[in-house]
Amino acid sequence: MLSLPVRGRPSRALVSRWFVFSLLVLALAAPPVSGQDPTTARGALAGTVLDQSGRPLEGVQIRLPELGLVTLSAADGSFLLTHLPPRRFHVSFEVLGYAPRVLEVTVRGGAVTPLEVSLPTSPVALPGLVITGVPGARNTLTTPQDVDAVGSEEMNALRSGSLGDLLSRTVAGVSSIQTGSQVGIPVIRGLSGTRVRVLQNGVGQEFYQYGVRHHPTTTLLEAERVEVVRGVSSLLYGSDALGGAVNILTKDLPPAPLGRSRLGGEVGGQFFSNNKEGAGHLDLQGSTSRFGVRGGVEVRRGGDLTAPEVPDYFQTSAAGTARTGRFGDPKYTGSLPHTDFRQWSAYAQAGVRGRMGTGELFLTHWDNENNFLLPPGGPKGSTSNPPQGVGLHLAQTNLSLRGTLVLDRLVLKPTLSYQKAVRQAAAAGKLIQDDPDFVVDLAKEVVTARVEVAHAPLGRLEGVLGAEVMVQDGKAPGPVKLEPGSTVTNVGIFAFEELRRGGLTLSGGLRFDLRSMEAEPNSLTGDPGLLEQEYRVASGSVGMAFALGEGVALAAQAGSGFRAPTVFELFADGEHGGVAAYQRGDPTLDPERSLSLDLSLRWARDRFQGEVTGYWNRISNYIYLENTGTMSGPLPVYQAAQTDAVLRGLDALAEAAPLTWLSVGGRFSWVKGVGKGLDDPAGGSGDGPLPLLPPTQFGAFLELRGGDAWVLRSPRLRIKVDRALAKDAAGVIEPFSQFDRIPFGTASTPGYTLLGLEARTHLELGTEPVVLSLTVDNLLDEVYRSFLDTYKGYALSPGRNVGVRVSAPLRFGR
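Predicted, not measured: the structure shown is a model, and the values here were computed from it. Once a new chain begins, its residue numbering starts again from 1 and follows that chain's sequence as written. Given that this is a predicted model, residues contribute local features only at a pLDDT of at least 70 and side-chain atom pairs are listed and counted only at 80 or more, while totals for whole chains, interfaces and linings are drawn from all residues. Only hydrogens and water are removed before side-chain values are computed, so all heavy atoms of the structure are retained for them.

**Points about the overall build of the protein**
- Where helices and strands are cited, they refer to DSSP runs of H or I of at least four residues and of E of at least two residues respectively, numbered from the N terminus. From N to C terminus, the protein includes seven helices and 41 strands.
- Along the first, second and third principal axes, the C-alpha atoms of the protein reach 85 × 65 × 50 Å.
- Burial statistics for the protein: of 814 residues in total, 58% are counted as buried.
- Contact criterion: two residues are considered in contact whenever any of their non-hydrogen atoms come within 4.5 Å of each other. Across the protein, every contact between residues at least 6 apart in sequence was considered, and the portion connecting residues at least 24 apart equals 67%.
- All accessible areas in this document rest on Shrake-Rupley with a 1.4 Å probe, and a residue is counted as covered only by the protein chains that are shown. Approximately 30,400 Å² of the protein is accessible, and the part contributed by carbon and sulfur atoms is 59%.
- His is not counted, nor are the chain ends; Lys and Arg add positive charge and Asp and Glu add negative charge. The location of each charge is read from NZ of Lys, CZ of Arg, CG of Asp or CD of Glu. Where the 77 positive side-chain charges of the protein centre and where its 80 negative ones centre are 4 Å apart. Accessible area is worked out with a 1.4 Å probe on protein chains only. A residue is then buried under 20% of its type maximum, exposed over 50%, and partly exposed in between.

Structure representation (structure tokens):
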């Protein structure tokens, strides 16, 4: 079993393995032998990209996702992709200001396949290609899996410090557990945390995701796009994917037109009025048709959040008008103390394209220091009993080497990844700027080796075989043993195949995982039989998509998945200051098993698109933390427990463009989850609700689009209305449930309606457009508390927030 030292440098053996693997990938991806004709060595794809008026388009990104290849169109719109094995491919064409287009092309050996493509300006965003949760690159309309994507243009316009916030804005059926502007945990179909797998290029990320304030450690600086799979995804990604997967796809190796070099980059900034948050980033890149390098850095800082200024509990209590118990007055309104943060992130990339594919090295680092406002403490301004907070330091480093090796009948995609996650928390009442000694000091190192082998079509059957080995080593040197040191090893093998015939697509696959865990003895248990756990689990899925007509499809999928208990759920025994609770594990927990069914109707036409999906998910041995009703000092004690649970729900979205300058649309999401034998807060008997479920939500928008004027290109303004219904806390198993029973705050929330604006345009100030966007959240400064806002127990949710984002391309030479 591999054990890596958490402190200090990686071992010499690990460095040696990285070096050998790097040489292998780069050698296989070396440039062609001199004198070899690149257009006839295998097959080639050559063509021209035009706009609707027939003018050539320069700088269009042409991608073959199956092979990991990308190139740019030249000034005359021409492009060339060589050394392609003879088979069918999906090819995508994307450039700022035009609707993306996806074509299916068959390449023949020893021949050049010609292609002329015209890119339209579409009033609605048509489906694109995805690679997450599917056995290759697929169009979202006709995949059995329920997959969506957030592209680079949407990220430029809507990205912030919170992954959950971005996804809740752009992907139907996704909500976000918020704690300030930088903490956003994706919630997919009512599941979150350890039941939604966050990935980077298909490799699972570890960030202590068991906590309701333990958010994904990224601002997406390094991302080209984010793909979201709704529904069980254990087949490809193993444990922790019961509810879905969020795959952060890092930026492509910088491309350049054939025979040309290219130097450039991007500079940009963001500002948000609510907490005076500012961010700036710089990205530089250089490339030829064979080599590419890229690097970027972002710095982000935010002050205290601001909620609407209304009388707080201290004021209403003194006046004898305080509301208490359920929907009680909040302790804090206006400026919320101890909610500030500072953050920086960086990435670097280098790689090569050659006769047998691509190889690249990718490094990212993310570092964050922030404070959380805590429930204890008195009114703002008090010197004898001031508001209390807790400081936190988080860091994440990822180093990955990956390649795409193209053989005649196979495409190999090997990945070797190393990551290190650090989570350090001060004692309650100690802020990050006080330079405290961290009482919680956790670190994990994870090495993952993954290989996928996509085979050429066997008749009408095509798919991928894969294997993954993960070794995780965790240390906990701090005095508070929120979780003990541990070693986790997982070996998984899988096969995922797809058959297409006419308008029918059938898919299916199987996976087997062998997972072992060994923890250090702690105060909860020293029993060797409980400290060593092993799980042998099979999972799989089957699916179907059927084209009912042009742009209309019916899809269905059934899948099984699993989730092994985490070290925290098994062995936690300590104070968790960030959630103001003492949490205790149970070393006898069984793994969760899931059976999921969903059915979707989708449509995508030039002026009308949408989707309606119903789903059902049964999870046996569902793990939750229950408020025991006992106290450890001033903190409630939460104990890990299990039950059988069922979730069912409905997601819907629709968008129509009746006029070229007008779009209207809306979305709806509803989920209900119950657990066997759980307490029903309404007083009934039988099954009770699960925790951390989003409320029923409706949304509608009206978008106005203008023509080009002055330096403005494709301006658009979207007016949004979002309605969330009232939501009751799930009794004592709901995090922060105690706030329904104490004199101030709330765990349950009344309904509310928010009005917002989104505007974006491109500014033609040079050869390439500058992207400018404006967002206004909570336009009317509504007084409300979001059910998934973890500050709801003692503070209001944020008031009006104006966000400005700008990014400008850098181009050196021609």
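Once you've had a look at it, read on.
**Focus: the layout of surface pockets**
- In this analysis, the protein atoms alone were mapped onto a 1 Å grid. Cavities are point sets where a 1.4 Å probe fits without being able to get out; pockets are open sets with protein on both sides within 12 Å along at least five of seven lines; lining residues have an atom within 4 Å of a point. Grid points are joined across faces, edges and corners, and a volume is the space filled by probe spheres set on the points. In this model, the second largest pocket occupies a volume close to 740 Å³.
- Counting only elements with at least two residues in the lining of the second largest pocket, the list comes to β6 (101-107), β9 (138-139), β26 (486-501) and β28 (532-549).
- It is β6 that provides the largest number of residues to the lining of the second largest pocket, a total of four residues.
- Gly counts as polar in this scheme, as do all residues outside two lists: the nonpolar Ala, Val, Leu, Ile, Met, Phe, Trp, Tyr, Cys and Pro, and the charged Asp, Glu, Lys and Arg. Its residues placed into classes, the lining of the second largest pocket shows twelve nonpolar, seven polar and eight charged.

**Observations regarding empty space enclosed by the protein**
- Applying the stated rule across the entire model yields 17 cavities of 30 Å³ or more.
- There is about 510 Å³ of room inside the second largest cavity.
- Along its surface, the second largest cavity is lined by 30 residues, and Tyr 210, Val 212, Leu 625, Leu 692 and Pro 735 are the ones closest to its centre.
- Where the lining of the second largest cavity is concerned, the elements lending two or more residues are α7 (567-571), β31 (581-584), β33 (608-632) and β34 (635-659).
- In terms of residue class, the lining of the second largest cavity is built from 20 nonpolar, eight polar and two charged.

**Re the sheet that holds strand β3 (residues 69-72)**
- Spatial ordering of the open sheet is given by β3-β2-β5-β6, a layout of four strands whose pairing is antiparallel. The sheet is open, and its two borders are formed by β3 and β6, each paired with just one other strand. Between one strand axis and the next, the sheet turns by 25° as a mean value, whatever way the strands run.
- A pair of strands is considered paired only if DSSP assigns at least 2 bridges between the two. Here four bridges tie strand β2 (residues 61-64) to β3, and the two strands are oriented antiparallel to one another. Bridge pairing in β3 places Ile 62 opposite Thr 71. A fitted line through C-alpha atoms serves as each axis, taken over the contacting stretch for helices, and the angle formed by two N-to-C directions is quoted from 0 to 180°.

**Let's talk about the sheet that holds strand β16 (residues 244-250)**
- Ordered by their spatial adjacency, five strands build an open sheet running β10-β15-β16-β13-β14, and the pairing between neighbours is mixed. Only two strands of the sheet have a single neighbouring strand rather than two, namely β10 (146-150) and β14 (203-204).

**Concerning the environment of Ser 807**
- Mapping Ser 807 onto the fold places it in strand β41 (residues 801-812).
- Take Ser 807: its relative accessible area is 6%, and that puts it in the buried class.
- As a C-alpha pair, Ser 807 and Leu 336 span 471 residues in sequence and 30 Å in three-dimensional space.

**Thoughts on the nonpolar core**
- Counting residues in each nonpolar core, the largest one holds 42 residues, and the members touching the most others are Leu 336, Tyr 791 and Tyr 794.
- Every element with two or more residues in this core is listed here: β12 (184-188), β21 (357-373), β22 (389-406), β23 (410-425) and β24 (440-458).
- Residues contacting Tyr 791, with those up to four places away along its chain left out, are Thr 179, Gly 180, Arg 213, Leu 305, His 338, Thr 339, Asn 371, Phe 372 and Leu 373.
- Judged by nonpolar contacts, the second largest core, of 22 residues, contains Leu 45, Val 107, Leu 115 and Val 411. Nine residue types can take part in a nonpolar core, namely buried Ala, Val, Leu, Ile, Met, Phe, Trp, Tyr and Cys, and a core is a set of them joined through side-chain atoms within 4.5 Å.

**Here we look at the environment of His 393**
- In this fold, His 393 is placed in strand β22.
- For the pair formed by His 393 and Val 480, sequence separation is 87 residues and the distance between their alpha carbons is 15 Å.
- What His 393 contacts, discounting residues up to four positions off in sequence, is Asp 367, Asn 368, Glu 369, Val 422, Arg 423, Gln 424, Ile 432 and Phe 438.
- Pairs of N or O atoms are called polar contacts if they sit within 3.5 Å, as long as, within protein, a hydrogen donor faces a hydrogen acceptor (for residues adjacent in sequence, only side-chain-to-side-chain pairs). At a separation of 3.2 Å, a polar atom in the side chain of His 393 contacts the side chain of Asp 367.

**Focus on the packing of aromatic side chains**
- Pairing of aromatic side chains requires ring centres within 6.5 Å, counting the rings of Phe and Tyr and the six-membered ring of Trp. Pairs whose planes differ by under 30 degrees are stacked, by over 60 edge-to-face, and all others tilted. All told, the structure shown has 14 aromatic pairs when counted by the stated rule.
- Between Tyr 347 and Phe 362 the ring centres are 5.6 Å apart and the planes differ by 5°, which places this aromatic pair in the stacked class. With Tyr 347 in strand β20 (residues 341-354) and Phe 362 in strand β21, this pair connects stretches of sequence that are 15 residues apart. For the pair formed by Tyr 347 and Phe 362, the shared burial category is buried.
- Here Tyr 752 and Tyr 784 contribute two aromatic rings whose centre-to-centre distance is 4.6 Å and whose plane-to-plane angle is 40°, an arrangement assigned as tilted.

**Observations concerning the confidence of the model for the protein**
- Averaged over all residues, the pLDDT of the protein equals 88, while 93% of them reach at least 70.
- Here residues 1-16 is a poorly scored stretch, pLDDT under 50, and it has 22 contacts once near neighbours within four places are set aside; other chains count. pLDDT measures the predictor's confidence residue by residue and takes values from 0 up to 100.

**A closer look at helix α3 (residues 163-170)**
- For α3, the buried fraction is high: eight of the eight residues fall into the buried class.
- The complete set of buried residues in α3 reads Leu 163, Gly 164, Asp 165, Leu 166, Leu 167, Ser 168, Arg 169 and Thr 170.
- At the N-terminal end of α3, a side-chain oxygen is found 3.0 Å from the backbone nitrogen of Asp 165, two or three residues along, and the residue is Ser 162.

**Focus: the pairing of strand β40 (residues 770-777)**
- Sheet topology places strand β39 (residues 752-763) next to β40; seven bridges connect them, and they run antiparallel. From the neighbouring strand, Ala 759 faces β40, where its bridge partner is Leu 774.
- As defined by bridge partners, β40 adjoins β41 across seven bridges and the pair is classed as antiparallel. Residue pairing for β41: Val 771 is matched across the bridge by Ser 807.

**Notes on unusual backbone geometry**
- One non-glycine residue, His 338, adopts positive backbone phi at about 60°.
- Its location among the elements puts His 338 in the loop between α5 (313-318) and β20.
- In this structure, Trp 710 is a non-glycine residue whose phi angle is positive, near 55°.
- As for its placement among the helices and strands, Trp 710 is situated in the loop between β37 (697-705) and β38 (712-724).

**Examining the pattern of salt bridges**
- Put simply, a salt bridge is a Lys or Arg side-chain nitrogen that is within 4 Å of an Asp or Glu carboxyl oxygen. Inspection of the entire model under this criterion finds 46 salt bridges.
- Between Asp 708 and Arg 713 there is a salt bridge; the shortest N-O distance is 4.0 Å.
- Residue Asp 708 is classed as exposed on the basis of its relative accessible area, which comes to 53%.
- The partly exposed category is assigned to Arg 713, whose relative accessible area is 25%.
- Between Lys 720 and Glu 758 there is a salt bridge; the shortest N-O distance is 3.1 Å. In this pair, Lys 720 is assigned in strand β38 and Glu 758 in strand β39, connecting sequence segments 38 residues apart.
- Given a relative accessible area of 16%, Lys 720 falls into the buried group.
- Members of the salt-bridge network, linked through shared partners, are Asp 146, Asp 148, Arg 189, Arg 230, Asp 598, Arg 602 and Glu 611.

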